[in-house]
Amino acid sequence: MADDEDQEEMPVKMKPRKKEPEEKPVFTWQDLEKRKAKAACAMDRVEFLASTRNRFTEFRAHEANTLAFTIRSRKNPKPLMEKKLATSSDGAAEVLAKQELALQNGNTGLKRLEAVSKFVYDKELRTGGKQAAESAKNFAKTSQPFKRPYPLYDELFSLQSHMPGEPREPPLGPGSTMRNYEPPQDALRHGMSKTMSSSMYSLGSRSAKSER
């Protein structure tokens, strides 16, 4: 009896429970068509912004050439330059309006949706066979473009991706690098008021001294 009491009980090892496999989400053809429409809309907006950037660069280059010609050819170019610069924002807004009209007349949203539908059809034909490809083709006929208005000039001009008083995020490069890119302090304070810029500079200098 005493021997039994003195004998230490060995801990019982519990086998770890196997994790149950997570259920994979199941999407219907209707869900796929909704995702296709939104993806095509996003692609169309990206194309709008990219093409508008090119037109906007051409617009600013033409404006700069006009101002340079005015300076060279006029004895008193100030009134004409003020008049030209006063209508600069209206001209920039007109560039976006013309580009939006061009894309709408070209029906680019529907064309991109058709391109995405063709990609899905080819993918289903390779992986699921002819029957799955025919189902993708039939459901694609019921899909409608997802319409979202293009951004206006005022929206892009007033767009702010950072909180007031905080520095802008550093620009993204086309590829990964071994060393992070650190923009200069002048670039971080660009566009801020002088008081806000000086306060940021003082805070940056204090933090640098504390790190030392």
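For clarity, every value in this text was computed on a predicted model and none was experimentally measured.

About the thresholds
- Residues numbered from 1 in each chain as written.
- Predicted model: local features only at pLDDT ≥ 70, side-chain atom pairs only at ≥ 80, totals over all residues.
- Heavy atoms only, no water.
- Core = buried A, V, L, I, M, F, W, Y, C linked by side-chain atoms within 4.5 Å.
- Buried < 20%, exposed > 50% of the residue type's maximum accessible area, 1.4 Å probe, protein only.
- Helix = DSSP H or I, 4+ residues; strand = E, 2+ residues; numbered from the N terminus.
- Contact = heavy atoms within 4.5 Å.
- Axes fitted to C-alpha atoms, helices over the stretch in contact; angles between N-to-C directions.
- Parallel < 35°, antiparallel > 145°, perpendicular 65-115°, else oblique.
- Left-handed = near helix turned anticlockwise from the far one by under 90°.
- Nonpolar A, V, L, I, M, F, W, Y, C, P; charged D, E, K, R; others polar.
- Phe/Tyr/Trp six-rings, centres within 6.5 Å; stacked < 30°, edge-to-face > 60°.
- pLDDT = per-residue confidence, 0-100.
- Arc of directions from axis to C-beta.
- Salt bridge = Lys/Arg side-chain N within 4 Å of Asp/Glu carboxyl O.

A. Spatial organisation of the nonpolar core. Counting 5 residues, the largest nonpolar core is built from Phe59, Ala92, Val95, Leu96 and Tyr153. The element contributing the most residues to this core is helix H4 (residues 88–106), with 3 residues. Setting aside anything within four residues of it in sequence, one finds Leu96 in contact with Phe48, Thr52, Pro151, Leu152, Tyr153 and Leu156.

B. Summary view of the packing of helix H2 (residues 29–73) against H4. Orientation of H2 relative to H4, taken along the N-to-C sense of each, is 140 degrees, at an axis distance of 9 Å. Judged by the inter-axis angle, H2 sits oblique to H4. Handedness of the H2/H4 crossing: right-handed. Of the residues in H4, those in contact with Asp44, Phe48, Ser51, Thr52, Arg55, Phe56, Phe59, Arg60 and Glu63 of H2 are Ser88, Gly91, Ala92, Val95, Leu96, Gln99, Glu100 and Leu103. Tallied by class, the residues present in the contact of H2 with H4 amount to 7 nonpolar, 5 polar and 5 charged.

C. Broad picture of the packing of aromatic side chains. Inspection of the entire model under this criterion finds 3 aromatic pairs. For the pair Trp29 and Phe139, a centre-to-centre distance of 5.7 Å together with 10 degrees between the ring planes defines the contact as stacked. One end of the pair, Trp29, is in helix H2; the other, Phe139, is in helix H6 (residues 130–140), with 110 residues separating them in the sequence. Relative accessible area serves as the criterion here: at 23%, Trp29 is assigned to the partly exposed category.

D. How the structure looks around the confidence of the model for the protein. Averaged over every residue, the pLDDT of the protein is 77; the share at 70 or more is 73%. Looking over the protein, one finds the lowest element-wise mean pLDDT in helix H9 (residues 194–211), namely 51, and the highest in helix H5 (residues 108–127), namely 89. Note on residues 206–211: pLDDT is under 50 here. Beyond four places in sequence and across chains, it has 0 contacts.

E. Region of interest: the side chain of Ser88. Among the secondary structure elements, Ser88 is positioned in helix H4. The class of Ser88 is buried, set by a relative accessible area of 9%. Beyond its immediate chain neighbours, meaning those up to four positions away, Ser88 contacts Phe59, Arg60 and Glu63.

F. Up close: H6. When H6 is considered as a whole, its buried residues turn out to be Ala132, Ala133, Ala136 and Ala140. Burial along H6 is one-sided: seen end-on, the buried residues are contained in an arc of 100 degrees. Structural note: H6 exposes Lys130 and Gln131 on the side pointing more than 90 degrees away from its buried face. On its buried face, H6 sits against H2 and H5.

G. Spatial organisation of the pattern of salt bridges. Taken as a whole, this structure holds 7 salt bridges when the rule is applied. A salt bridge links Glu33 to Lys36, with the nearest nitrogen and oxygen atoms 3.1 Å apart. With Glu33 and Lys36 both in helix H2 and 3 residues apart, the pair spans about one turn of that helix. One exposure class covers both Glu33 and Lys36, and it is buried.

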